[in-house]
Structures are given as structure tokens and as C-alpha cells.
Amino acid sequence: GAGVSQSPSNKVTEKGKDVELRCDPISGHTALYWYRQSLGQGLEFLIYFQGNSAPDKSGLPSDRFSAERTGGSVSTLTIQRTQQEDSAVYLCASSRTSGAAGELFFGEGSRLTVL
Amino acid sequence: AQSVSQHNHHVILSEAASLELGCNYSYGGTVNLFWYVQYPGQHLQLLLKYFSGDPLVKGIKGFEAEFIKSKFSFNLRKPSVQWSDTAEYFCAVFFSYNTDKLIFGTGTRLQVFP
């Protein structure tokens, strides 16, 4: 597609349930990023992929969070045993090149609400 | 650890007023600098970027930013704001020793009243 596509756009879940968030980057973009946007907190870096590998997982908040990317394209962010503090907008971005030289293109985000 | 600071959390202006939003970062080495904007209900998009060369960079919609290395700053400016500039503005930095991670500031919410 023309832009970064994320699904679902909205997800309401109960505390303790697992959720999966999907990101479909711009075709041909090798780098893929996940960020979390909370009110008043700005954008918190979660994880970065170059191709299928994740050189930097340092931003994942806990071991309940995991992400994978297959075929150098679609990525899935999984949150297990969700907690209320996981409520946020999860943003995905992709870039043509690795890191510094690249402009990031963002998706619309997936808004997660944990009741 | 590297960090990006935006000291103005919420700015309210009237149309035609001048704007300056502050951005400071914590590292003295080579950086790549960005300002992103998020209009209400829309996704984040790039406003302007600095990699090297002229420290005064111009972006879309009349925005500009100046890189001052000695002050570790990359402030965003616009001489005369419009109601349509109402949005949230994020400063972001790639640090040269960790080139694959774009670090964002906490954002500045700008409201422009007609």
C-alpha cells in the first residue's frame, strides 16, 4: 500500500488477556519501528527491526511484550497478560534505510484500552 | 543515556503571532535532527530535518529550525502562525553512536486561536 498500515485501529480488552497488533510497512522499506504514545509521555521507543532481525529490543517495557517480523515485511507486536498501564496508542513506522539517514513514515496507530 | 527535552508542553497563540518551540538533546557528538508534527486525528509526519550543512533548515508550511551545536539545541520557529498550525509537535534525534534509534521528546501541544 501507499502508507504504513496498522490493525486494529482500536482494541478494547480485559486485564489479563493477550493482544496482537499488526503493522504492514511501506513496500520496500527495510527498517521497521514500534513506539508507544501515552498521554503526556511523548513517544516511547519499543523495538526496531532491520529486515527480520531486531538489533535493538531495549525499549520493550517487560517480558510480557514481544515482537516479530516475518519475510522482512509485516510485523506483529504481542502483549501478554495485559495490564491497565499498557493502555496507549501503539505506533509503527517504517524507513527505506537503516536508521540515521532515513525519514520515518508512521501509521495511524493502534489504540489499546485495557479495562 | 541520550535524551531529548522539549520544555514547552502547551503553547497557546493567536493567529499571526510568532512561534518558537524549544528542543535540546543530551549528546555532544554527531546527531541527525528532526521535527515531526501530528495534526488532530492524523498520523505523525515529518516537518523538517537536519543532517549536515547549513544549520538553518526550512521545512513545509513556512516552518524553519536552527541547529546550534554549542547549545545542543534545534528550536522550531515560524514567523506568523495560522489556525491550521494547531497540532502537536515532536522533536526527535538520531544519536551517532546509536544510529538506528530515533529518540523523541515529549511533544509540545500548540493551540492557535483565530
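Scroll up for the structure.
Attention in this report is confined to the structure presented alongside it. For every chain, the first residue of the written sequence is number 1, and numbering continues from 1 onward in sequence order. For this description, chains carry letters from A and ligands carry numbers from 1, given in the order in which they are written. With the structure being a predicted model, the display of local features is reserved for residues of pLDDT at least 70 and the display and counting of side-chain atom pairs for 80 or more, all residues being used for whole-chain, interface and lining totals. Values reported for side chains reflect all heavy atoms of the structure, with hydrogen atoms and water molecules removed beforehand.

**Observations regarding the packing of aromatic side chains**
Residues and elements named next belong to chain B.
Moving on, step 1. In this scheme Phe, Tyr and Trp rings, the latter by its six-membered ring, pair at centre separations within 6.5 Å, and the angle between planes marks the pair as stacked below 30 degrees, edge-to-face above 60, and tilted otherwise. Following the criterion strictly, the structure yields 16 aromatic pairs over all chains and no others.
Moving on, step 2. On the numbers, 5.9 Å between centres and 85 degrees between planes, the contact of Tyr25 with Phe72 is edge-to-face. Of this pair, Tyr25 sits in strand 4 (residues 24-25) while Phe72 sits in the loop between strand 8 (64-68) and strand 9 (73-78); the two residues are 47 residues apart in sequence, bridging distant segments of the chain.
Moving on, step 3. Relative accessible area serves as the criterion here: at 34%, Phe72 is assigned to the partly exposed category.
Moving on, step 4. An angle of 75 degrees between the planes, with centres 5.9 Å apart, marks the rings of Phe34 and Phe94 as edge-to-face. Per the convention used, a helix needs a DSSP run of H or I reaching at least four residues, while a strand needs a run of E reaching at least two, with both numbered from the N terminus. Exposure is judged per residue with a 1.4 Å probe applied to protein chains only, and the accessible area is read against the type maximum: over 50% gives exposed, under 20% gives buried, and values in between give partly exposed.

**Things to note about the environment of Ala54 of chain A**
Residue and element names in this part refer to chain A.
Moving on, step 1. One can find Ala54 in strand 6 (residues 53-56).
Moving on, step 2. The sequence separation of Ala54 and Ile79 amounts to 25 residues, and the corresponding C-alpha distance is 17 Å.
Moving on, step 3. Any two residues having at least one pair of non-hydrogen atoms within 4.5 Å are treated as being in contact. Once residues within four sequence positions are removed from consideration, Ala54 is found in contact with Ile47, Tyr48 and Phe49.

**Focus on unusual backbone geometry**
Moving on, step 1. A cis amide bond links Ser7 of chain A to the next residue, Pro8 of chain A, at an omega of -10 degrees.
Moving on, step 2. Secondary-structure assignment places Pro8 of chain A in the loop between strand 1 (5-7) and strand 2 (10-13).
Moving on, step 3. Its identity as a non-glycine residue notwithstanding, Ala16 of chain B has a phi of 80 degrees, on the positive side.
Moving on, step 4. Structurally, Ala16 of chain B is set in the loop between strand 2 (10-14) and strand 3 (19-21).
Moving on, step 5. Positioned with a positive phi, Lys61 of chain B is a non-glycine residue whose angle comes to about 60 degrees.

**Regarding the side chain of Glu64 of chain B**
Residue and element names in this part refer to chain B.
Moving on, step 1. One can find Glu64 in strand 8.
Moving on, step 2. Take Glu64: its relative accessible area is 17%, and that puts it in the buried class.
Moving on, step 3. Here a polar contact means two N or O atoms within 3.5 Å. Within protein one must be a hydrogen donor candidate and the other an acceptor candidate, and residues neighboring in sequence count only if both atoms are side-chain atoms. Of the polar contacts made by the side chain of Glu64, one reaches the side chain of Lys58; its length is 2.9 Å.
Moving on, step 4. Contact partners of Glu64, with chain neighbours within four places excluded, come to Leu48, Leu56, Val57, Lys58, Asn75, Leu76 and Arg77.

**What about the interface of chain A and chain B?**
Moving on, step 1. Listed as interface residues are 22 residues of chain A and, on the opposing side, 21 residues of chain B.
Moving on, step 2. Here the buried area means the combined drop in accessible surface, using a 1.4 Å probe, for two parts upon being joined, counting both sides. Across the chain A/chain B interface, buried area totals approximately 1600 Å², and carbon plus sulfur atoms make up 56% of it.
Moving on, step 3. By definition, a salt bridge exists where a carboxyl oxygen of Asp or Glu is found within 4 Å of a side-chain nitrogen of Lys or Arg. Linking chain A with chain B are zero salt bridges.
Moving on, step 4. Run the count over chain A and chain B and you get three residue pairs in polar contact (both at pLDDT 80 or more).
Moving on, step 5. Looking at the side of chain A that touches chain B, the elements that each hand over two or more residues are strand 4 (31-38) and strand 5 (42-50) of chain A.
Moving on, step 6. At four residues, strand 5 of chain A tops the list of elements feeding residues into the side of chain A that touches chain B.
Moving on, step 7. Along the lines of polarity and charge, the residues of the side of chain A that touches chain B split into 10 nonpolar, nine polar and three charged. Basically, the charged four are Asp, Glu, Lys and Arg, the nonpolar ten are Ala, Val, Leu, Ile, Met, Phe, Trp, Tyr, Cys and Pro, and anything else, Gly included, counts as polar.

These figures capture arrangement, not role.
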